[in-house]
Amino acid sequence: MSTQSGNGQGEYSFSAIEAKWPAVWEELGVFTPADDGSRERRYVLDMFPYPSGDLHMGHAEAFAMGDVVARYWRLKGYDVLHPIGWDSFGLPAENAAIKRNAHPSEWTYANIETQAASFKRYAISADWSRRLHTSDPEYYRWTQWLFLRFYERGLAYRKNSPVNWCPKDLTVLANEQVVNGACERCGTPVTKKSLNQWYFKITDYADRLLEDMDELKGHWPERVLAMQRNWIGRSEGAHVNFAIEAAGDLPARDVTVFTTRPDTLYGATFFVVAADTHLALDLVTAEQHDALMDYREKVKALSDIERQSTEREKTGVFLGRYAVNPLNGEKLPVWAADYVLADYGTGAIMAVPAHDQRDLDFARAFDLPVRTVLDTGEEDPSETGVATAGEGTLINSDELNGLSKAEGIARAIELVEAAGTGEHAVNFRLRDWLLSRQRFWGTPIPIIHCAECGEVPVPDNQLPVTLPDDLRGEALAPKGTSPLASAADWVNTSCPSCGRAATRDTDTMDTFVDSSWYYLRFASPQYTEGPFDTEAVDRWLPVAQYVGGVEHAILHLLYSRFFTKVLKDLGLVNFDEPFTALLNQGQVLNGGKAMSKSLGNGVDLGEQLDKFGVDAVRLTMVFASPPEDDVDWADVSPSGSAKFLARAWRLGQDVASPAGADPAAGDRALRSVTHRTIADSQELLEGRKFNVVIARLMELVNATRKAIDSGVGGADPAVREAAEAVAIILSLFAPYTAEDLWAALGHEPSVAAAAWPAVEQDLLVQATVTAVVQVQGKVRDRLEVPADISEEELKAKALESEHVARTLDGRGIRTVIVRAPKLVNVVPA
RNA sequence: GCCCCAGUAGCCCAAUGGCAGAGGCAGGAGACUUAAAAUCUUCUCAGUGCAGGUUCGAGUCCUGUCUGGGGCACCA
């Protein structure tokens, strides 16, 4: 590459161009929204980064996508909010601090500066004045404030429960952070621990989280919606009460089960409760007590992964009691087993072995009866060992006999409701969000524990509860309790309610709490009267386009949706969904695999930028494939992108007409290409087909080159018009090159402040078109016809065609389909 | 087991139900050059995973199926 300067004559040099523009952009302030109401507002946001080292290829892709949208909207005349910030609390900072005997803030803020510099080099058109960091006390003050509002409404609460525990990170994890039984962060198999932990009551919002997905349909990727639907896991059925008969000195009592198949009530032949529950202990008779205790010990020893294996033999213990079927009074033996889950439904089931595979496996293991109550036309489950769960006709079911499955379900619910022993019920798989963490570098939970008053919220005017800054290195090491517990000065305080000595809650919040509301803070990042200025939020939100990886399909996106709904109920926002549209960019792979240290296939972003330039890397990211597809860096060609950029840039040197030359006098053929490209690009951008826009842009550059070299020549004003269109469209993807081209064409900076070119409709219309003549759908002839030819005329012309006559070979014509001016299809008799 | 997404040229990818190819990569040839690089010009390559169906006409819509990717899963 030459080192000659960018603008003006000479060779294309990305390094010269990159050196030139950042200062200009900064001075012009083109990326700061006016927010004065003169233009329609639009908010585009990339998921903010975690500051682990420098930016990587994944950031480069995601932010290139978001920037295309931001820049396009700006050119289209919108007032665009495109902010940037950092999700700066989290474990890696703490681990680095332990290793270096430092404070996590040192590592965190140093990395933020590195990333900020890289973002500036990468020419993200962000409004830097709105920058925020979730680890700043000015930010987490409001995270705490929001926690307290949740607390007041009973949406933040503490409970003792078996929780997911990562034995490596020595902290608890939310269900969402356990992947295949392992810690999503470090991959260590998760164990269960019984602890008193803080939860957000997201389950109260399960229905709304599910229903409101209707308004996201078509704007969010279907697979993300599917994942959330799966995660929420709504199932419809019935709660049915079974009376458990008294036994010895144990009194009779009711136990409720949840079932999706109340139609099979007559097929229930036994009853199972989760072994690891109080219920099991309460129910077991004295004779069976030791057997149950032995069994519980064995279950405890199993890891989650072992326990969840569907291959495993069914195990269980008879509890010595009998449940009574509310429909027919039949006595069902009550068992405890680990295939029934303590925390789903009611922790107890009615077992219908004929029509549920798990129950059937259990029945066969313990020689329990199997009764078929639904005739599906399949073989008898008790013979085959295969439960029949499909459609069929109810049998052996008294008043339900003859009904279909659906009718049976409805009728059975009516029966139990009439008898007062059950009701229609909906059950969710979603669990409450466990938000407390036994780690240091997070938002402290603003609660004080007082021996007299119990849990006492820290008063709003005492927020933020800041982290102590005197803990370093080993003092931060995970010990299974929060490192904050060892900061005596910090922990010991007085009760805000009674003034007596009390202690602070020493857990910190899951960092997903911080990121559940940052998009709101961006509307008024310096606001000091609350988490956000509600008027600013009304002006800018919801986010019109959110961009980020599919790895947050459930975690961050579900949590943020939940927060938004709670905030709506609190009257702080007036919308239900925070992100109107979502774009999931694909991953950047190398050689078909995700880049990773262990595979040694990582590609360093900085090296790529040094080698090919920012614009070439950005262009490659966007051109490689549709935004949502993965980009395999081994399959793409940043050098090809660089070549194209140079080719586009050189157009600026060959335009020989003065700025402001009237394009109307220019070559019509080239003008048509230009205006068609503008029109198509617009449509493609609205449909987020960014890769295709670049293909179109390449065509325009090729056509312009040809016009200069072997056509009308560089002095034709159509060439200028084309080059200007190139600069503007290119600015979405390659801002440096586009800016330099724009300047070479004699325009003031910045191309970012230019307007999207208006399309002249009459240039899109071609005088003549090629009409295709088909016989029975096969092309037999082509005709040059006027674009405005009538159907009759076109039909007549087509029927004159020799090729058609030859193909018809004397056969008559049944019908002729005419789509003027492009197609005629002759259908023979 | 249930659900979602995707299969088009050697590769990445285009194609409002209407001529399968827009663009790029790779490859071949030529021009310029003492030569090379760069640049410019040009060429080659598939009938759309498979089987049916709807239609005048299917890569596109429907059904089934295979393959790949992803999510949920002893969830009653």
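Predicted model only: the values in this text are computed from it and were never measured.

1. Considering the overall build of chain A
What chain A contains, in helices and strands, is 27 helices and 34 strands. Scored against the burial criterion, the 829 residues of chain A give a buried share of 54%. Long-range contacts, defined as pairs at least 24 residues apart, comprise 72% of the intrachain contacts of chain A with a sequence gap of at least 6. For chain A, the accessible surface area stands at approximately 34,800 Å², while carbon and sulfur atoms represent 48% of it. A distance of 3 Å separates the average location of the 82 positive side-chain charges in chain A from that of its 118 negative side-chain charges.

2. Comments concerning the environment of methionine 621
Considering the arrangement of structural elements, one finds methionine 621 in helix 20 (residues 614–623). When its relative accessible area of 0% is taken as the criterion, methionine 621 is described as buried. Considered as a pair, methionine 621 and phenylalanine 733 are 112 residues apart in the sequence and their alpha carbons are 9.3 Å apart. Apart from the residues lying within four places of it in its own chain, the contact partners of methionine 621 are Met57, Ala60, Glu61, Met65, Tyr122, Val588, Val631 and Trp633.

3. Here we look at the sheet that holds strand 29 (residues 593–594)
Spatial ordering of the open sheet is given by 29-28-30, a layout of three strands whose pairing is mixed. Both edges of this open sheet fall to strand 29 and strand 30 (631–632), since each of them pairs with a single strand only.

4. A look at the domain arrangement of chain A
Here chain A is described as being made up of domain 1 (143–230 + 433–511), domain 2 (234–428), domain 3 (637–763) and domain 4 (768–828). Distance from the C-alpha centre of domain 1 to the C-alpha centre of domain 2: 35 Å. The partner domain 2 presents four residues to the nine residues of domain 1 that form the contact. When the two sides are added together, the surface that domain 1 and domain 2 hide from each other amounts to roughly 530 Å², 61% of it contributed by carbon and sulfur. Connecting domain 1 to domain 2 are one salt bridge. For arginine 234, the salt bridge identified is with aspartate 207, shortest N-O distance 3.7 Å.

5. Digging into helix 11 (residues 357–366)
All buried positions along helix 11 are accounted for by Asp359, Leu360, Phe362 and Ala363. On an axial view of helix 11, the arc spanned by its buried residues comes to 160°, and they lie on one face. Positive backbone phi, approximately 60°, marks aspartate 367, located one or two places after helix 11.

6. Examining the packing of aromatic side chains
Applying the stated criterion to the full structure yields 42 aromatic pairs. Between phenylalanine 200 and phenylalanine 562, the ring centres sit 6.3 Å apart and the planes meet at 55°, which makes this aromatic pair tilted. Here phenylalanine 200, found in strand 9 (residues 191–200), pairs with phenylalanine 562, found in helix 18 (residues 555–569); they are 362 residues apart in sequence, far enough to count as distant. One exposure class covers both phenylalanine 200 and phenylalanine 562, and it is buried. Taking 4.8 Å as the distance between ring centres and 70° as the angle between the ring planes, the aromatic pair formed by tyrosine 519 and phenylalanine 579 counts as edge-to-face. Of this pair, tyrosine 519 sits in helix 16 (residues 518–521) while phenylalanine 579 is found in the loop between helix 18 and strand 27 (582–585), placing the two residues 60 residues apart along the sequence. Like phenylalanine 579, tyrosine 519 is buried. Feature note: the residues Phe147, Phe150, Tyr151, Trp198, Phe200, Tyr205, Trp433, Phe512, Tyr559, Phe562 and Phe563 constitute an aromatic cluster, connected by ring pairs. The ring of tyrosine 199 carries the charged tip of lysine 159 above its face, separated from the ring centre by 4.6 Å.

Parameters and conventions
Once a new chain begins, its residue numbering starts again from 1 and follows that chain's sequence as written. Chain letters and ligand numbers both follow the written order, the letters beginning at A and the numbers at 1. Restriction of local features to residues with pLDDT of at least 70 applies here, the model being predicted, together with a cutoff of 80 or more for giving and counting side-chain atom pairs; totals for whole chains, interfaces and linings are based on all residues. To obtain the side-chain values, all non-hydrogen atoms of the structure were used and water was disregarded. Here a helix means four or more residues in a row that DSSP labels H or I, a strand means two or more in a row labelled E, and each is numbered from the N terminus. Only protein chains enter the accessibility calculation, which uses a 1.4 Å probe; a residue is then buried when its area is under 20% of its type maximum, exposed when over 50%, and partly exposed in between. Any two residues whose heavy atoms approach within 4.5 Å at even a single point are treated as in contact. Accessible areas in this description were obtained via Shrake-Rupley with a 1.4 Å probe; residue shielding takes into account the shown protein chains only. For this count, His and the chain ends are skipped, Lys and Arg are scored as positive, and Asp and Glu as negative. In plain terms, the charge of a residue is placed at NZ if it is Lys, CZ if Arg, CG if Asp and CD if Glu. DSSP-based pairing: two strands are paired if at least 2 bridges between them are found. Each domain's limits were defined by an automated method or a database of domain assignments. Accessible area that two parts lose when put together, evaluated with a 1.4 Å probe and summed over both, is termed the buried area. A pair is scored as a salt bridge if a Lys or Arg side-chain nitrogen falls within 4 Å of a carboxyl oxygen belonging to Asp or Glu. Taken from the helix axis, the directions to the C-beta atoms give the arc we talk about. Between the rings of Phe, Tyr and Trp (Trp by its six-membered ring), a pair exists once the centres lie within 6.5 Å; its type follows the angle of the planes, with under 30 degrees stacked, over 60 edge-to-face, and the other angles tilted. Only when the NZ atom of a Lys or the CZ atom of an Arg is both within 6 Å of the ring centre and within 35 degrees of the ring normal do we say a charge sits over the ring.

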